[in-house]
Amino acid sequence: MVLESDREKAVELKQTPLHTIHKEMGAKMVPFGGWDMPVQYTGIIQEHLATRSAAGLFDVSHMGEIFVTGDETDVLSFLESVTCNTISGMKVGQVQYNAVVNESGGLVDDITVYKFSESKYMICSNASNYPAVTKHLETYKKGNVTVVDDSKNWHQIALQGPKADEIFSKYLGKDLSSILYYHFEEMNWKGETIIVSRTGYTGEDGFEIYTSNTLGVTLWKELLEIGKEFGLVPVGLGARDTLRLEAKYPLYGHELNAEWTPVESGINFIVKEKPSPYLGYTRIIADKKNGPKRKVVGIRLMEPGVLRENFQIFSSDGKEIGKSTSGTHSPSRKESLGLAILDTEFAKNQVEVFVEIRGQKKLAKVETGAFIQGSVRNNR
């Protein structure tokens, strides 16, 4: 997760508004995507299991918030032309998992799209990618459309876990059951309008909460205090990674990149045919209809060892058939698992493959089903 370029440029790392608080709490800080971020507070396994059993609080204010506004016809036409999922079916208050695609059919980034009105949308983009996404959108916008990267003015924290709803409902003093999965509401809190969405990156129920930077810091402190009795703990990037892997959520730079189509990357469920082609349409739809030559699937080791990224994978007859893209020791399943891009003929459930780890080929099996059954299923 730590980028080599970040180690070399540590003095240039950006800091979230919670940076000082993280250090005061004893967090171990690491470079990630150009930011100095907490990787753990008390320990990755403890933080992971607390999120699965109770709740975890994550600083994700390094993420980007890009607003697209303008004439409703022009805005819709523009967004449809640069993303592979269908925007036109979205309702006000809905959040959609989508991807901004490039000319060759690869990904600029995977995103979530928030629809406020027919003429106003917000794109939440990954920390290291939102400048590139903004530039890409500016390049292709047409008509009466405005693209504004407003990331510096927004703070984002994620409250995740089976007790997240109970904690946040108590904090706000209101019932949050009206916010359905992958939907959001704007609400008044402490003198400002905040955005509360029932979304996350863990496979558990929970919320992503957008506020001003000042209110975000207050929210962090107060949620940790009120959540103590429920088992709420702060969680760093280490457990965020193990949680997302158990939920089989992809990460840009690992399962997603500028070269692979969304079908190859394992997120083909967001690829839709549209009346007007989007960027990279021919290649992406060909992959969708005919099947790609390779695709990302889950794998788990059947022998002792720990799966990491960029391990070569072989068939039973010794043919190289792919590589791992992410890997970890699963705190929930107590075994090593991850994601890998494999030749399609081997990307089938329970197919036996071999992962080369330190010169030894270890038996593994492809697992196309869910790794875990969290409080929210992987059904976005």
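In this text the structure is predicted, and so the values were computed from the model without any measurement.

**Comments concerning the packing of aromatic side chains**
Right, on to step 1. Under the definition given, this model contains 12 aromatic pairs.
Right, on to step 2. The interplanar angle of 80° and the centroid separation of 4.8 Å between the aromatic rings of Tyr-278 and Tyr-281 together place this pair among those described as edge-to-face. When sorted by exposure, Tyr-278 lands in the same class as Tyr-281, which is buried.
Right, on to step 3. Among the aromatic residues, those joined into a cluster by ring pairs are Phe-67, Tyr-114, Phe-116, Trp-154, Phe-184 and Tyr-210.
Right, on to step 4. Lying over the aromatic face of Phe-116, Lys-120 brings its terminal NZ or CZ to 4.8 Å of the ring centre.

**As for the side chain of Arg-52**
Right, on to step 1. Tracing the chain through its elements places Arg-52 in helix H3 (residues 44-53).
Right, on to step 2. Relative accessible area serves as the criterion here: at 15%, Arg-52 is assigned to the buried category.
Right, on to step 3. A distance of 3.0 Å separates the side chain of Arg-52 from the side chain of Glu-204, its partner in a polar contact.
Right, on to step 4. A distance of 3.2 Å separates a polar atom in the side chain of Arg-52 from the backbone oxygen of Leu-243.
Right, on to step 5. Every residue in contact with Arg-52, bar those within four places of it in the chain, is listed here: Pro-162, Thr-202, Gly-203, Glu-204, Leu-243, Glu-246, Ala-247, Ser-332 and Ile-372.

**Structural notes on the sheet that holds strand S8 (residues 145-149)**
Pairing between the strands of a sheet comes from backbone hydrogen bonds, and it takes one of two forms, parallel or antiparallel.
Right, on to step 1. Pairing is antiparallel across the open sheet formed by 5 strands, whose spatial order is S5-S6-S7-S4-S8. Edge positions in the open sheet fall to strand S5 (95-101) and S8, since each of these has one partner strand only. Taking the axes of each pair of neighbouring strands and ignoring which way they run, one obtains an average angle of 30° across the sheet.
Right, on to step 2. Across 5 bridges, strand S4 (residues 64-70) lies against S8 in antiparallel orientation. By the bridge assignment, Val-68 is partnered in S8 with Val-147.
Right, on to step 3. Seen against the sheet, helix H4 (residues 72-82) touches S4, S5, strand S7 (120-125) and S8 and runs at an angle of roughly 135° to S4.

**Looking at the sheet that holds strand S11 (residues 192-197)**
Right, on to step 1. Across the sheet, 6 strands lie side by side as S10-S11-S12-S9-S3-S13; this open sheet has mixed pairing. Bordering the open sheet on either side are strand S10 (184-189) and strand S13 (232-235), each of which pairs with just one other strand. Between one strand axis and the next, the sheet turns through 25° on average, direction left out of account.
Right, on to step 2. Against the sheet, helix H6 (residues 164-172) contacts strand S3 (55-59), strand S9 (155-160), S10, S11, strand S12 (206-211) and S13, and its axis sits at roughly 40° relative to S12.

**A closer look at the UniProt feature "domain: Aminomethyltransferase C-terminal" (unreviewed entry) in the protein chain**
Right, on to step 1. Under the present numbering, the feature "domain: Aminomethyltransferase C-terminal" (unreviewed entry) in UniProt falls on residues 294-368.
Right, on to step 2. Structurally, residues 294-368 is divided into 0% helix and 60% strand, and its ends, taken at the C-alpha atoms, are 14 Å apart.

**Concerning the confidence of the model for the protein chain**
Low pLDDT means the predicted coordinates in that region are not meant to be read closely.
Right, on to step 1. Confidence in the prediction for the protein chain averages 95 pLDDT; 96% of positions are at 70 or higher.
Right, on to step 2. Low pLDDT, under 50, characterises residues 1-10; the predicted model gives this stretch 15 contacts beyond four residues in sequence or across chains.

**Quick notes on the environment of Ile-194**
Right, on to step 1. Looking at the element boundaries, Ile-194 is found in strand S11.
Right, on to step 2. Under the relative-accessibility criterion, Ile-194 is labelled buried at 1%.
Right, on to step 3. Along the chain, Ile-194 and Gly-216 lie 22 residues apart, while their C-alpha atoms are 9.8 Å from each other.
Right, on to step 4. Residue contacts for Ile-194: discarding those within four places in its chain leaves Glu-185, Glu-186, Met-187, Trp-189, Ile-209, Tyr-210, Thr-211 and Leu-215.

**Considerations on the UniProt feature "domain: GCVT N-terminal" (unreviewed entry) in the protein chain**
Right, on to step 1. Taking the UniProt record as the reference, the feature "domain: GCVT N-terminal" (unreviewed entry) is found at residues 18-272.
Right, on to step 2. Overall, residues 18-272 shows 28% helix and 31% strand. The separation of its end C-alpha atoms is 39 Å.

**Quick word on the nonpolar core**
Right, on to step 1. The biggest cluster of nonpolar side chains holds 57 residues, and the ones touching the most others in it are Val-68, Tyr-114 and Leu-137.
Right, on to step 2. Element by element, the count of residues in this core is highest for strand S6 (residues 107-117), at 6 residues.
Right, on to step 3. By size, the runner-up hydrophobic cluster in this structure holds 30 residues, among which are Tyr-41, Ala-164, Val-196 and Leu-232.

**Remarks on the packing of H3 against helix H8 (residues 237-246)**
Right, on to step 1. Look at H3 against H8: their axes get within 8 Å of each other, and the N-to-C directions meet at 50°. Between H3 and H8, the angle is such that the two are oblique. Once H3 is placed against H8, the crossing between them reads as right-handed. Seen from H3, the contacting residues are Ile-44, Glu-47, His-48, Thr-51 and Arg-52; seen from H8, they are Gly-238, Ala-239, Thr-242, Leu-243 and Glu-246.
Right, on to step 2. Considering only residue class, the contact of H3 with H8 consists of 3 nonpolar, 4 polar and 3 charged.

How each quantity is defined
- Each chain carries its own residue numbering, running from 1 in the direction its sequence is written.
- The predicted origin of the model limits local features to residues at a pLDDT of at least 70 and limits the giving and counting of side-chain atom pairs to 80 or more, whereas totals for whole chains, interfaces and linings rest on all residues.
- Only hydrogens and water are set aside when side-chain values are computed; all heavy atoms of the structure are taken into account.
- Pairing of aromatic side chains requires ring centres within 6.5 Å, counting the rings of Phe and Tyr and the six-membered ring of Trp. Pairs whose planes differ by under 30 degrees are stacked, by over 60 edge-to-face, and all others tilted.
- Throughout this description, buried means an accessible area under 20% of the type-specific maximum (1.4 Å probe, protein chains only), exposed means over 50%, and partly exposed covers the range between.
- As a reminder, the over-ring test applies to NZ of lysine and CZ of arginine, requiring each to be within 6 Å of the ring centre and within 35 degrees of the ring normal.
- Numbering of helices and strands starts at the N terminus; helices are DSSP runs of H or I of at least 4 residues and strands are runs of E of at least 2.
- The definition of a polar contact used here is a pair of N or O atoms within 3.5 Å, where within protein one atom must be able to donate a hydrogen and the other to accept one, and adjacent residues in sequence count solely through side-chain atom pairs.
- Two residues qualify as a contact provided that any one of their heavy atoms is within 4.5 Å of a heavy atom in the partner residue.
- In this analysis, strands are considered paired if DSSP registers two or more bridges between them.
- An axis is simply a line fitted to the C-alpha atoms; with a helix, the fit covers only the stretch in contact. Between two such axes, the angle follows the N-to-C directions and lies from 0 to 180 degrees.
- UniProt positions are given in the numbering used here, feature names are shortened, and annotations may be inferred rather than shown by experiment.
- Note on scores: pLDDT gives the predictor's confidence for each residue, bounded by 0 and 100.
- Throughout, nonpolar core names a set of buried Ala, Val, Leu, Ile, Met, Phe, Trp, Tyr and Cys residues whose side chains join them through atoms within 4.5 Å.
- In these notes the angle categories are as follows: under 35 degrees is roughly parallel, over 145 is roughly antiparallel, 65 to 115 is roughly perpendicular, and the rest is oblique.
- Each crossing is labelled by how the near helix is turned from the far one, with a counterclockwise turn of less than a right angle marking it left-handed and a clockwise turn marking it right-handed.
- Put simply, Ala, Val, Leu, Ile, Met, Phe, Trp, Tyr, Cys and Pro go in the nonpolar bin, Asp, Glu, Lys and Arg in the charged bin, and everything else, Gly too, in the polar bin.

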